[in-house]
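Given next are the chains, with one letter for each unit.
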Amino acid sequence: MSNKKHITLTVNGEEQEFLAEPRELLIHTLRERLRKTGPHIGCETSHCGACTVTMNGKSVKSCTVFVAQADGAEITTIEGLGNPDSLHVLQEAFKEHHGLQCGFCTPGMITRASKLLEENPNPTEEEVRFGMAGNLCRCTGYQNIVKSILAAAAEMNSAKEAAQ
Amino acid sequence: MIPAAFEYYRPKDLEGALSVLEEHGDDARVLAGGHSLIPMMKLRMAEVPHLIDLQDVDGLSGISIEGNTIRIGAMTTQHDIINDVQLASAAPIMREASLQIADPQVRYMGTVGGNVANGDPGNDMPGLMQCLDATFTLVGPEGEREVAARDFYEAAYMTDREDDEILTAVSFEAPSGGYAYEKQKRKIGDYATAAAAVLLTKEGGTCTAASIAMTNLSDTPVHSDAAGAALVGTSLDDAAVKAAVDAMLGDIDPTQDNRGPIEFKRHAAAVILRRAIENAWARA
Ligand SMILES: Cc1cc2nc3c(=O)[nH]c(=O)nc-3n(C[C@H](O)[C@H](O)[C@H](O)COP(=O)(O)OP(=O)(O)OC[C@H]3O[C@@H](n4cnc5c(N)ncnc54)[C@H](O)[C@@H]3O)c2cc1C
Ligand code: FES
Ligand code: FES
């Protein structure tokens, strides 16, 4: 099929323009075209959340979005949150609290958690568990993921207080 | 899993969307949040040569409450519903049910219009809309018409909507009295094994009105008039609740699938309805 469409995306603050078939899935665009390999493909059936990115302020499973739908959108992947030289508070907390084992689910977990904490900066443990229900992990049993997110929330809140 | 190729349209108004539907008939379909349609297209269970994305169509999203009437635009997401403070106070059952649909990521995308138009017996909104006695607004080449949610569902994936019609809104009167949405599922984020929507009115210890609808227990949602009638005029004593549950069991028609055998589903339906009635009564 040659019905390629002109697509513009802003990914982690950088504008990207290219031609793509509308049916291309956003996760494939990110990983294969733009080499943002942080978001992973776990199930490819909208269940696991490994492909989670932030699109126009929403946490979305990028395996369930056509690139044509994302045309014009602002997207943040794990690469836009932090990097090895300057980790995001959540990345620091996952490292500190053993919030990962194999690490496959982690980019999706952290990207989702960043949105959760933006909407609810002071969540209870139950709210963290409920807010993270779209992300599956085969390794950790979730306990340390929840701990990491709560620790990151506390850290962000005390940084905010200190700044005031 | 990549679906078959399609032509993509992103019209800015309803006329634009309707004209593509008219031109391509059942080769065209609208796309709302895509969280039912895209998985189906990836599995090649749905083939859509012409896909019309509604995201830019003006006037399709938003919640308005005027007097007692609540109107929710088709493109309003489950996330929007959960976070609308006015809606949560005017019709708290909407929030209670939406929180039990899927998971956060799906709720940012999934829309009320897609959920009610889809026709999947597993969707939670259709039963809820029947419980609320909601009206759906459809627009097609011949103009606008309204259909009662209780008359809309014909069979799995078969509804009263014509191929060239777009559902623009759902509306209903703000319910008074007690409410509950109870859902049994295999895990968080799953479709219902059995779900019950219940609205009850209590006056001086007596139930004066009751509306009961069940989800995923037949090929359509089931609004059980008989179950409601069994409660009206009673004080919701054990016998009345049992009569309502029995009446509901007479109206559902579950099939065996990966959520369990028929007997189990009937058992789950009974437990879930009893729980919903008790909750709604305590809040009435
Ligand atoms: C992992 C997962 C779990 C889920 N769990 C649940 C659950 O527990 N309960 C539940 O209810 N749902 C669940 N869903 C489904 C989800 O809520 C869907 O998003 C919803 O059913 C459909 O809404 P949509 O906006 O995504 O519609 P789409 O997928 O875009 O559309 C669905 C269908 O409706 C049609 N349509 C959409 N909008 C309109 C309109 N305005 N007029 C006419 N036709 C229209 C489309 O053409 C299509 O045929 C789940 C989905 C996933 C991926
Ligand atoms: S890969 Fe997208 S949800 Fe699993
Ligand atoms: S750390 Fe291995 S899947 Fe979560």
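Further up the page is the structure itself.
Residues numbered from 1 in each chain as written. Chains lettered and ligands numbered in written order. Predicted model: local features only at pLDDT ≥ 70, side-chain atom pairs only at ≥ 80, totals over all residues. Heavy atoms only, no water.

Caption draft 1: Spatial organisation of the overall build of chain B. Along the backbone of chain B there are 12 helices and 14 strands. Here chain B has a C-alpha radius of gyration of 19 Å; the compact-globule value for 284 residues is 19 Å, and the two agree. The principal-axis extent of the C-alpha atoms belonging to chain B is close to 60 × 45 × 35 Å. Taking all 284 residues of chain B together, the buried fraction comes to 54%. The long-range fraction of contacts in chain B, counting pairs at least 24 apart against all pairs at least 6 apart in sequence, stands at 61%. On chain B, the mean spot of the 23 positive side-chain charges and the mean spot of the 43 negative ones are 10 Å from each other. (Helix = DSSP H or I, 4+ residues; strand = E, 2+ residues; numbered from the N terminus. Rg over C-alpha atoms; globule rule 2.2 N^0.38 Å. Buried < 20%, exposed > 50% of the residue type's maximum accessible area, 1.4 Å probe, protein only. Contact = heavy atoms within 4.5 Å. Lys, Arg positive; Asp, Glu negative; His and termini not counted. Charge placed at Lys NZ, Arg CZ, Asp CG, Glu CD.)

Caption draft 2: Broad picture of the overall build of chain A. Tallying secondary structure elements over chain A gives six helices and five strands in all. Along chain A, from the amino end to the carboxyl end, the secondary structure elements read β-β-α-β-β-α-β-α-α-α-α. A compact globule built from 164 residues should have a C-alpha radius of gyration of about 15 Å, and chain A, at 16 Å, falls within 12% of that. By principal-axis analysis of the C-alpha atoms, chain A measures approximately 50 × 35 × 25 Å. A burial count over chain A gives 52% of its 164 residues as buried.

Caption draft 3: Highlighting the pairing of strand β2 (residues 14-20) of chain A. Examined bridge by bridge, strand β1 (residues 5-11) of chain A and β2(A) share seven bridges and lie antiparallel to one another. Its bridge partner lying in β2(A), Thr10(A) is registered against Glu15(A). (Pairing = 2+ DSSP bridges.)

Caption draft 4: Quick look at the nonpolar core. All names here are of chain B. Residues Met94, Val116, Met125, Leu128, Met129, Phe136 and Phe172 are the most contacted members of the largest nonpolar core, which totals 38 residues. Domain assignment of the residues forming this core places at least three in each of domain 2 (63-173) and domain 3 (178-283). Leaving out residues up to four positions away in the same chain, Met94 has contacts with Ile72, Ile81, Leu87, Met125, Leu128, Met129, Leu132 and Phe172. Formed by 30 residues, the second largest nonpolar core is a distinct cluster that contains Val198, Val241, Ile252 and Ala270. (Core = buried A, V, L, I, M, F, W, Y, C linked by side-chain atoms within 4.5 Å. Domains from an automatic or database assignment.)

Shape is all these values report; function is a separate question.
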